[in-house]
Amino acid sequence: MNYYEQHRQDYLEGLKTFLRIPSISTLSEHKPDIQKAAEFVRAELEKAGLQNAHLIEGDGNPLVYAEWLGAPGKPTILFYGHYDVQPPDPLDEWKSPPFEPEIRNENIYARGSADDKGQTYILIKAVEGLLKQHGRLPVNVKFLVEGEEEVGGKHIESYVAGKPALIKSDAAVICDTEMFAPELPTICVGLRGIVYGELIVQGADHDLHSGVYGGAAPNPIQALAEILSALKDREGHIKIPGFYDKVQPPSEKEREAWARLPFNEQEYKEKEVGVKELVGEPEIPLFERLWARPTLEVHGIRGGFIGEGAKTVIPARALAKLSTRLVANQTPKEATGQLQKAVLAVCPKGVTAEFRPIHSAPPSLVNPDNRFIQAAAEAMRQVFGKETVYIRSGGSIPIVAAFDEHLGIPSVMMGFGLPDDNLHAPNEKLHLPNFFRGIEAVARYLEILGA
Ligand code: BES
Ligand code: MN
Ligand code: MN
């Protein structure tokens, strides 16, 4: 048994303690848990043998920093993760409570197990193992762990934009993505960006009796539905003028690589997504729709009467939460403007409509032709025993674009989640063999880089 195999039980206990903290960044009543999670990460980094472990306070949730800089002449790696999690609702769909981690057939179930506490813990334990075994690391290492990734918080970005000497490094390493399939080592080289906001539709200045005024008064819920259906057609084409102008199609090489990925569309459709039919732009292949095309999605609608029974009212206001995912070379600023303009242009008469942005992040693409990504592919190949594949992902990790823009460093996204890990959904899990192999792969990575 190697060192890492001997310590599996300790890793599980530590991870469970981390997962018991309900550090939900979008709910203000969980502020104390955010603080607790930040402090937990700081203490773990110190215990791992890193130096200068401290919280960086600022406008937003604390960042956690730690370093080990005892390898002069060797590269410096900046490890990134996030200790905040999504809300667990709907609670009654969890088989075990979201903040009481439970192991069931080789998976650990809890909110944050894959996204991203489990994967952040992988990074910490990999470094800890090397330090405990050898008293040193093969390269220099810095950690920067944030607590508002899930809400698009700006603390880390404004910190990074200041280019502080403290985080100067040669590459960022991020463990917050997924493997394409079980057992298949995967590096993610592209993420979509996002603009998230609220569409607010105002009709009359007060609620109206629907019998007395129906036929004369505008209905903001109907108007909201009309606006939404004008923004995207029934085939999934976004009808915002100019929206696709800057969209960069994937290269032929990338398209071919995607077509070679082991994939069963039937299984994806029925088991993973759980639908009878997939939708989206019919002329665009699936992976391109998911990874290289923008989206427009509604997340929630509020308005009018939704209580028990019936109430005949024409409500004064309606609201929809919506987002658009962006791909290179779209920018959040331009996309926001285009969306706002399109909303005004299609708004039916009698109501006013406005899109108010809440948060945004640019898309990112990383060129895999550098030694940091090549070494990661090799480390994963060695530990998983299979050739590493390169994919993109449809999700967003805002800091990746900021590392590129402000620090000029590539992000190495070696993820250990699985497609069925239920990120942001009930019964989120992390596959334990991935957790353990992830720790060994990251350690192997540092050894390869330092050799
Ligand atoms: N880790 C995810 C993003 C992700 C998921 C990347 C799966 C690749 C594969 C991240 O925590 C996330 O959920 N990000 C948000 C960002 C947003 C709130 C700014 C997202 O994508 O919705
Ligand atoms: Mn994440
Ligand atoms: Mn997430």
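Residues numbered from 1 in each chain as written. Chains lettered and ligands numbered in written order. Predicted model: local features only at pLDDT ≥ 70, side-chain atom pairs only at ≥ 80, totals over all residues. Heavy atoms only, no water.

Topic: the sheet that holds strand S18 (residues 429–431)
Link 1 in the chain: Read from one edge of the open sheet, three strands run S4-S5-S18, paired in antiparallel fashion. Each of the sheet's edge strands pairs with one partner strand only, and the pair in question is strand S4 (102–104) and S18. Across this sheet, the average inter-strand angle for adjacent strands is 25°, counted without regard to direction.
Link 2 in the chain: In this fold helix H14 (residues 432–450) packs onto S4, strand S5 (107–109) and S18, with an angle of close to 60° to the strand it touches most, S18. (Pairing = 2+ DSSP bridges. Helix = DSSP H or I, 4+ residues; strand = E, 2+ residues; numbered from the N terminus. Axes fitted to C-alpha atoms, helices over the stretch in contact; angles between N-to-C directions. Contact = heavy atoms within 4.5 Å.)

Observations concerning the pairing of strand S6 (residues 140–146)
Link 1 in the chain: Burial analysis of S6 places seven of its seven residues in the buried class, the great majority of the element.
Link 2 in the chain: Side chains Asn140, Lys142, Leu144 and Glu146 project from S6 onto one buried face, and the interleaved Val141, Phe143 and Val145 project onto a second face that is buried too.
Link 3 in the chain: Where strand S2 (residues 60–68) meets S6, five bridges bridge the pair, whose relative direction is antiparallel. Residue pairing for S6: Trp68 is matched across the bridge by Val141.
Link 4 in the chain: Where strand S3 (residues 76–82) meets S6, seven bridges bridge the pair, whose relative direction is parallel. Opposite Leu78, over in S6, you have Lys142 as the bridge partner. (Buried < 20%, exposed > 50% of the residue type's maximum accessible area, 1.4 Å probe, protein only.)

Considering the coordination of the manganese ion (ligand 2)
Link 1 in the chain: Protein coordination at the manganese ion (ligand 2) comes from His82 (NE2), Asp115 (OD), Asp176 (OD) and Asp176 (OD), with a distance range of 2.0 to 2.3 Å.
Link 2 in the chain: Taken together, the six donor atoms surrounding the manganese ion (ligand 2) define angles of 57 to 164° at the centre, an arrangement classified as irregular.
Link 3 in the chain: All donor residues of the manganese ion (ligand 2) come from one chain, and their arrangement in sequence is H-x32-D-x60-D.
Link 4 in the chain: Between the manganese ion (ligand 2) and the manganese ion (ligand 3) the interatomic distance amounts to 3.6 Å, and Asp115 serves as a bridging ligand to the pair. In this pair, Asp115 sits in the loop between S5 and helix H4 (117–134) while Asp176 sits in the loop between strand S7 (171–174) and strand S8 (186–191), placing the two residues 61 residues apart along the sequence. The same class applies to Asp115 as to Asp176, namely buried. (Donors = N, O, S within 2.8 Å, 3.2 Å for Na, K, Ca; no water. Tetrahedral: all angles 85-135°; square planar, octahedral: opposite > 155°, others 65-115°.)

Here's the deal with the side chain of Glu67
Link 1 in the chain: Note on placement: Glu67 falls in strand S2.
Link 2 in the chain: With no salt bridge to any partner, buried Glu67 finds its closest opposite charge in Lys142, at an N-O distance of 5.4 Å.
Link 3 in the chain: In terms of polar contacts, Glu67 uses its side chain to reach the side chain of Tyr65, at 2.5 Å.
Link 4 in the chain: When neighbours within four sequence positions are excluded, Glu67 is seen to be in contact with Leu50, Gln51, Asn52, Val141, Lys142 and Leu166. (Lys, Arg positive; Asp, Glu negative; His and termini not counted. Salt bridge = Lys/Arg side-chain N within 4 Å of Asp/Glu carboxyl O. Polar contact = N/O pair within 3.5 Å; in protein donor to acceptor, adjacent residues only side chain to side chain.)

Points about the site of ligand 1
Link 1 in the chain: In the vicinity of ligand 1 there are 15 residues, among which Glu149, Asp176, Arg325, Ser396 and His424 approach most closely.
Link 2 in the chain: Between ligand 1 and Glu150 there is a distance of 3.1 Å, counted from an oxygen atom to a side-chain nitrogen or oxygen.
Link 3 in the chain: A distance of 2.7 Å is found between an oxygen atom of ligand 1 and a side-chain nitrogen or oxygen belonging to Arg325.
Link 4 in the chain: Classifying every residue of the shell around ligand 1 by side-chain character gives three nonpolar, seven polar and five charged. (Near = heavy atom within 4 Å. Nonpolar A, V, L, I, M, F, W, Y, C, P; charged D, E, K, R; others polar.)

Examining the sheet that holds strand S13 (residues 317–326)
Link 1 in the chain: Pairing within the open sheet is antiparallel, and its four strands lie in the order S11-S13-S9-S14. Both edges of this open sheet fall to strand S11 (297–303) and strand S14 (352–361), since each of them pairs with a single strand only. Strand-to-strand twist of the sheet, defined as the mean angle between neighbouring strand axes without regard to direction, takes the value 15°.
Link 2 in the chain: Contacting strand S9 (193–202), S13 and S14, helix H11 (residues 332–346) runs over the sheet at an angle of about 165° to S14.

Observations concerning H11
In an α-helix, one turn spans 3.6 residues, which is why side chains three or four residues apart end up on the same side.
Link 1 in the chain: Here H11 spans 21 Å end to end across 15 residues, near enough to the 21 Å set by a 1.5 Å rise per residue.
Link 2 in the chain: The complete set of buried residues in H11 reads Pro332, Ala335, Thr336, Gln338, Leu339, Ala342 and Val343. One side of H11 holds all its buried residues, which, seen down the axis, span an arc of 165°. Exposed residues on H11 whose side chains face more than 90 degrees from its buried face are Lys333, Lys341, Leu344 and Ala345.
Link 3 in the chain: If you follow the buried residues of H11, they end up packed against S9, helix H7 (220–231), S13 and S14. (Expected span 1.5 Å × (residues − 1). Arc of directions from axis to C-beta.)

Let's talk about the coordination of the manganese ion (ligand 3)
Link 1 in the chain: In this structure, Asp115 (OD), Glu150 (OE), Glu150 (OE) and His424 (NE2) serve as the protein donors to the manganese ion (ligand 3), at separations of 2.1 to 2.5 Å.
Link 2 in the chain: Note that the manganese ion (ligand 3) binds six donor atoms; their angles at the metal cover 55 to 158°, and the shape is irregular.
Link 3 in the chain: When the donor residues of the manganese ion (ligand 3) are listed from N- to C-terminus, their spacing reads D-x34-E-x273-H.

Things to note about the domain arrangement of the chain
Link 1 in the chain: Each assigned domain of the chain is listed here: domain 1 (3–191 + 364–450) and domain 2 (193–247 + 294–361).
Link 2 in the chain: Computed over C-alpha atoms only, the centres of domain 1 and domain 2 are separated by 36 Å.
Link 3 in the chain: Each partner contributes residues to the interface: domain 1 has nine residues there, and domain 2 has seven residues.
Link 4 in the chain: Overall, the association of domain 1 and domain 2 removes approximately 530 Å² of surface from exposure, summing both partners, and the carbon and sulfur fraction of that is 51%.
Link 5 in the chain: Our enumeration of links across domain 1 and domain 2 arrives at zero salt bridges. (Domains from an automatic or database assignment. Buried area = accessible area lost by both parts, 1.4 Å probe.)

So, empty space enclosed by the protein
Link 1 in the chain: As enumerated under the stated definition, the model contains four cavities of 30 Å³ or more in all.
Link 2 in the chain: Approximately 70 Å³ is the volume found for the largest cavity.
Link 3 in the chain: Of all the secondary structure elements, the ones that give two or more residues to the lining of the largest cavity are helix H5 (155–161) and helix H13 (399–407).
Link 4 in the chain: Within the lining of the largest cavity, the residues separate by chemical class into four nonpolar, two polar and five charged.
Link 5 in the chain: As a volume, the second largest cavity reaches approximately 50 Å³.
Link 6 in the chain: Lining of the second largest cavity is provided by Gly190, Leu191, Arg192, Trp291, Leu326, Val327, Ala328, Pro363, Ser364, Leu365 and Arg392.
Link 7 in the chain: For the lining of the second largest cavity, the elements supplying multiple residues, two or more each, are S8 and strand S15 (364–365).
Link 8 in the chain: A domain-level breakdown of the lining of the second largest cavity finds at least three residues from each of domain 1 (3–191 + 364–450) and domain 2 (193–247 + 294–361). (1 Å grid on protein atoms, 1.4 Å probe; cavity = no way out; pocket = protein on both sides within 12 Å on 5 of 7 lines; lining within 4 Å. Points joined across faces, edges and corners; volume = space filled by probe spheres on them.)

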